[in-house]
Amino acid sequence: MKRLPAAAALAAALAAALCACTAAPGGRLTVRIGHNQATSHPTHIALAAFEAFIEERLGDRYDIEVYPSELLGSQTEMVQLTQTGAISFCVASNSILETFSENYTLFNLPYLFASAQAYHAAMDDPAVTGPIFDSTRQAGFEAVTWIDAGTRNFYTVDTPVDSPADLRGLKIRVQQSPTNVEMMRLLGGSATPMGFGEVYTALQAKIIDGAENNEMALTSNGHGDVCKYYSYDMHQMIPDLLIGNCGFLDALPAEDRAIFEEGFRLVNEIERREWVTAVAEAKETAEAKQGVQFLYPDTAPFQQACQPLHEQMLDSYPALAPVYGAIQDYNAQYPAGAS
Ligand code: GCU
């Protein structure tokens, strides 16, 4: 399936034509879910399982439709569609939600989590996620569960990155968030924010020298065909979030809502299980078939360069200090080196 070129026009047309509560034949409600990954990606596998689960339990009332590969537009466009209720759900990176609520800035901080275990424990704790996930209710949507998107690292077309100095003068694609732009400035590179769907062509055309993402981007999105160096500087663990339209969620009868909640937990569980094998396979394929070289630089200089962002965030949003503190407790419990 190919992404339609005029995504913005499509989004506008959809917003006008659709409603989250469109009745399907037989009086069932059509529930549309959009995301930007391929159908072989853990995100899609988990959402397909959600579709099967809801339709098995509530199939007489709901028809779930999952749209992969940016078919409904870029992530930002899909968030807007979810906001207005033109679609019921989409998967969005935490990064881009920063522009919808400043609370999301927290999970975008580089080197926020000391280990994958600390990251998972914090994201599984409603005391940590609640204040963030609910903060967009006024904007019309809320996060209903998180899914793993691994660790973000730099990868480049032809310049190995061993230290922040190697980023100097390089144009690196980042997600569209002020934190990511500032992170690149602190690391000495030149940030080029753009949507995920534009990255492959930009790399090929040498409009950018590299990007940063998890290993799946190399294979699932083909970036490893162009970029031959992938450096584990481990700068961010940024979750993806399944977000839902509040009008749709609030209108669900209590017993249906309980089953949807079960479905959201299933999305988290399945995606995380699939993620582990998908990343291992991506790394193997990138190395063996695409000729990508994996580098393991000392992460300390990268971390030091990014540290001012933590202080800036705490100064700008003091209300987030208790949640930041709870994350530090998880970091103490699961320090670096834990997996
Ligand atoms: C990851 C993440 C996506 C995000 C993408 C990006 O693939 O899972 O949600 O859109 O990175 O860099 O934009």
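Here, every reference points to the structure presented above.
The structure reproduced in this document is the subject of the present report. What you see is a predicted model, and the numbers here were worked out from it, not measured in a lab. (Residues numbered from 1 in each chain as written. Predicted model: local features only at pLDDT ≥ 70, side-chain atom pairs only at ≥ 80, totals over all residues. Heavy atoms only, no water.)

### Some points on empty space enclosed by the protein
Here is step 1 of the chain: Applying the stated criterion across every chain, the model contains 2 cavities of 30 Å³ or more.
Here is step 2 of the chain: One number sums up the size of the largest cavity: a volume of about 270 Å³.
Here is step 3 of the chain: Elements with a minimum of two residues in the lining of the largest cavity: α3 (75-84) and α10 (216-219).
Here is step 4 of the chain: For the lining of the largest cavity, the per-class residue count stands at 7 nonpolar, 13 polar and 4 charged.
Here is step 5 of the chain: Three or more residues apiece are contributed to the lining of the largest cavity by two domains, here domain 1 (6-149 + 238-280) and domain 2 (152-237 + 285-333).
Here is step 6 of the chain: In this structure, the second largest cavity is lined by L109, P110, Y111, L112, F113, M234, H235, Q236 and M237.
Here is step 7 of the chain: Along the lines of polarity and charge, the residues of the lining of the second largest cavity split into 7 nonpolar, 2 polar and no charged.
Here is step 8 of the chain: In this structure, the lining of the second largest cavity is formed jointly by two domains, domain 1 (6-149 + 238-280) and domain 2 (152-237 + 285-333), each of which donates at least three residues. (1 Å grid on protein atoms, 1.4 Å probe; cavity = no way out; pocket = protein on both sides within 12 Å on 5 of 7 lines; lining within 4 Å. Points joined across faces, edges and corners; volume = space filled by probe spheres on them. Helix = DSSP H or I, 4+ residues; strand = E, 2+ residues; numbered from the N terminus. Nonpolar A, V, L, I, M, F, W, Y, C, P; charged D, E, K, R; others polar. Domains from an automatic or database assignment.)

### What to know about the packing of helix α6 (residues 116-123) against helix α15 (residues 321-333)
Here is step 1 of the chain: Direction vectors running N to C along α6 and α15 enclose 140 degrees, while the axes themselves pass 8 Å from each other. On the basis of their axis angle, the class for α6 and α15 is oblique. In the packing of α6 onto α15, the handedness of the crossing is right-handed. Packed against α6, whose contacting residues are A118, A121 and A122, the element α15 presents I327, Y330 and N331 at the interface.
Here is step 2 of the chain: Here the residues of the contact of α6 with α15 are counted per class, giving 5 nonpolar, 1 polar and no charged. (Axes fitted to C-alpha atoms, helices over the stretch in contact; angles between N-to-C directions. Parallel < 35°, antiparallel > 145°, perpendicular 65-115°, else oblique. Left-handed = near helix turned anticlockwise from the far one by under 90°. Contact = heavy atoms within 4.5 Å.)

### A short note on the site of the ligand
Here is step 1 of the chain: Around the ligand, the neighbouring residues are N36, Q37, Q75, S93, A149, R152, R173, Q175, F196, N213, N214 and D240.
Here is step 2 of the chain: With respect to the ligand, the side chain of Q175 contributes an N or O atom lying 3.4 Å from an oxygen atom.
Here is step 3 of the chain: In this structure, N213 approaches the ligand through a side-chain N or O atom, which is 3.0 Å from an oxygen atom.
Here is step 4 of the chain: A majority-of-atoms criterion places the ligand in the largest cavity.
Here is step 5 of the chain: Along the lines of polarity and charge, the residues of the shell around the ligand split into 2 nonpolar, 7 polar and 3 charged. (Near = heavy atom within 4 Å. Polar contact = N/O pair within 3.5 Å; in protein donor to acceptor, adjacent residues only side chain to side chain. Sits in = over half its atoms within 2 Å of the grid points.)

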